[in-house]
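Chain and residue survey
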Amino acid sequence: MRVLVVDDNSTNLDLMLYLLRAFGHDATGCADGATGLETALRGDFDAVLVDILMPTMDGYEFARRFRAAPALRALPLIAVTALAMPSDRERIASAGFDGYIAKPLEPRTFVAQIEGFARPAGP
Amino acid sequence: MGWHVPCGEPPGVDQPSLTLDELATSRFPLLEYAPDAIVLVDDRGVIRLVNAQTERLFGYYREELVGQPVEILVPHDTRASHVADRADYASDPRVRPMGVGLDLHGLRKDGTSFPVEISLSPVETRDGTYVAAAIRDVTERKAFEVRLRELNAELERASRAKDQFLASMSHELRTPLNAIIGFTGTLLMELPGPLAPEQRRQLEIVQSSAQHLLALITDILDLAKIESGKRELTFEPVRIGEVVAAVAGALGTMAAAKRLTLRTVGVDSETVAITDRRALHQIVLNLVNNAIKYTDAGSVSIAVERVATGDRAGVRIGVADTGIGIKAEDLSRLFRAFEQLDPSSTRRHEGTGLGLYLCRNLATLIGATIEASSTLGSGSRFTLTLPLER
Ligand SMILES: Nc1ncnc2c1ncn2[C@@H]1O[C@H](COP(=O)(O)OP(=O)(O)O)[C@@H](O)[C@H]1O
Ligand SMILES: [Mg+2]
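Now for a quick tour of the structure. (Residues numbered from 1 in each chain as written. Chains lettered and ligands numbered in written order. Predicted model: local features only at pLDDT ≥ 70, side-chain atom pairs only at ≥ 80, totals over all residues. Heavy atoms only, no water.)

Further remarks concern the overall build of chain B. Summing up its helical and strand segments, chain B has 11 helices and 14 strands in all. Burial analysis of chain B (390 residues in total) assigns 41% to the buried set. Within chain B, counting contacts between residues at least 6 apart in sequence, those at least 24 apart form 60% of the total. Summed over all atoms, the accessible surface of chain B reaches about 21,000 Å², with 55% contributed by carbon and sulfur. (Helix = DSSP H or I, 4+ residues; strand = E, 2+ residues; numbered from the N terminus. Buried < 20%, exposed > 50% of the residue type's maximum accessible area, 1.4 Å probe, protein only. Contact = heavy atoms within 4.5 Å. Areas by Shrake-Rupley, 256 points an atom, 1.4 Å probe, with all protein chains shown as cover.)

Next up, the structure:
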């Protein structure tokens, strides 16, 4: 699976890339939303993970632009964020993401969760 | 309708019993000493009579006012419209407040103006109908209203700031914990390479301490939200059976790992309470979690039963275990913040000591009560009693 990860926090980015690669996936990281969108448009990804609180372009704005791009519209987009208050969860649920994972993430199950979001169980 | 000025014995219903002059010569003390300024105006808008409060409020002697157009008491910028409004009133004289929704002002002799509230009433006397205006100085009330509005705005700002603070705090604390828990996890999964037993032991301590810290953060933020009134509650019909089943489902593996039987009793699909689902779930989850944690062998049961508390229908959710139990003298301390009874550090570190405190706070929010009973060495029972209606 080819996964793009967008997070402004380099340690968190490092962790997610490390886990994905350790489980045999091809992972690419970006430190901001604008670069993330460009990379998503150029590459051929199976899933995109994005942080919510980022300077310049936040995850909500990222999701809006992402969904507006015809080439990306159907690509699984998953929020991975330390915003974990119930009101945050509600807002994220209605902002066009296919999945939501709260930080701190659970290292043992993280990659399996991503795989589940990327290839939703058939009908 | 209007004022039929009485004098001595009750007057006939439509029989005005006084003349204006009789009124003016203070045979009607209620008018003279009324707390509002009262100004009697004739059909041409000429002041015919004022009371003592009018003198105090506007700074004129009554001799200066009687015979003057009433507009002498009206600020210059609204005089013209006042003349028109007066004609309007004359065509339909009723008892009513004047200029509802308008900011009315009075003009003092010294040229200063002040906010007023005015009610109008036709007054019938033997020599004709007049209009009485009762005028109240609302300077203080207006100032008070402004202050109140400012205070409210300030409170709202403070409350929003606190909200924002809690949200940022949650986010900022979780971010470094993500790295700690995450990389401890990758090491324990031996993704970078095999671990020596002592390395594993120490990393497991890091991991459980980080999990403990995360639990503390979650509980403390929850409490902060409850205490600042920020915990959002949604009262809706909630099937008690669903909540119990969800809790039993979530903690089934934990019970199984300790070889405990986890039972539910009296669960039906009819018992529905109007309550906040999240709060109820959180309370029951905490109680069952404790029951499993403080029980080494035997069973944990969750029993649902309908009760009447006073004249209100309620439901009781009892969580009983066959665990270590609680000393009678400790029962009252349980619900305090950071209160943990077991002195051995292993058990203490499995919890935060905030669980029951949080439960009690949540219970109060949804109008429920929690009680504990126990026999040391043979088990405990925690009972949540919840009204079916709000
Ligand atoms: N079912 C139970 N059986 C025995 N002791 C209990 C039980 N539930 C709670 N306690 C005692 O009450 C203390 C406070 O509980 P709680 O507030 O949930 O904190 P903790 O995080 O330590 O579980 C616990 O530390 C424990 O000593
Ligand atoms: Mg507890």
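All names here are of chain B. Of all 10 residues in strand 12 (residues 312–321), seven are buried, a share of seventy percent or more. In the sheet, strand 11 (residues 299–309) pairs with strand 12 via 10 bridges, with the strands oriented antiparallel. By the bridge assignment for strand 12, V300 is matched with D321. Count of turn residues in the strand 11/strand 12 antiparallel hairpin: two residues, of which G310 carries a positive phi of about 65°. In this structure, strand 12 lies alongside strand 14 (residues 379–387), joined through seven bridges in antiparallel fashion. (Pairing = 2+ DSSP bridges.)

Moving on to the site of ligand 1. Residues and elements named next belong to chain B. Not every one of the 20 residues close to ligand 1 is listed here, only the nearest: N290, Q340, T352, G353 and L356. Interatomic distance of 2.9 Å between a side-chain N/O atom of Y294 and an oxygen atom of ligand 1. Backbone polar atom of G353 to an oxygen atom of ligand 1: 2.8 Å apart, as the coordinates give it. For ligand 1, whose unbound accessible area comes to 530 Å², protein coverage reaches 97%. (Near = heavy atom within 4 Å. Polar contact = N/O pair within 3.5 Å; in protein donor to acceptor, adjacent residues only side chain to side chain.)

Let us now look at the interface of chain A and chain B. Every contact between the two is made by 21 residues of chain A and, on the other side, 22 residues of chain B. Between chain A and chain B, roughly 2,000 Å² of surface is buried when both sides are summed, and carbon and sulfur atoms account for 68% of that area. A per-residue breakdown of the area chain A buries against chain B is headed by Y18, M85 and P104 of chain A, which together make up 29% of the total. Across the contact surface, chain A and chain B share zero salt bridges. Between the two partners, chain A and chain B, sit three residue pairs in polar contact (both at pLDDT 80 or more). Of all the elements, helix 1 (residues 10–22) of chain A adds the most residues to the side of chain A that touches chain B, at seven residues. Grouping the amino acids of the side of chain A that touches chain B by side-chain chemistry returns 14 nonpolar, four polar and three charged. (Buried area = accessible area lost by both parts, 1.4 Å probe. Salt bridge = Lys/Arg side-chain N within 4 Å of Asp/Glu carboxyl O. Nonpolar A, V, L, I, M, F, W, Y, C, P; charged D, E, K, R; others polar.)

The next subject is the side chain of T125 of chain B. All names here are of chain B. Summarising the element assignment, T125 is placed in strand 6 (residues 113–125). In this structure T125 comes out as buried when scored by relative accessible area, which is 5%. For T125, the side chain forms a polar contact with the side chain of D127, separated by 2.7 Å.

A separate point is the sheet that holds strand 11 of chain B. Residues and elements named next belong to chain B. If you trace the five strands from one edge of the open sheet to the other, you get 9-11-12-14-13, paired in mixed fashion. The open sheet terminates on both sides in strands that have one partner only, identified here as strand 9 (261–265) and strand 13 (369–375). Going from strand to strand, the sheet's axes swing by 20° on average, the running direction of each strand aside. Sheet analysis places strand 9 next to strand 11, joined by five bridges and oriented parallel. What sits directly across from T261, in strand 11, is S299. The strands touched by helix 8 (residues 240–257) within the sheet are strand 9, strand 11, strand 12 and strand 14, with strand 9 carrying the most contacts at an inclination of about 175°. (Axes fitted to C-alpha atoms, helices over the stretch in contact; angles between N-to-C directions.)

Keep in mind these values describe shape, not function.
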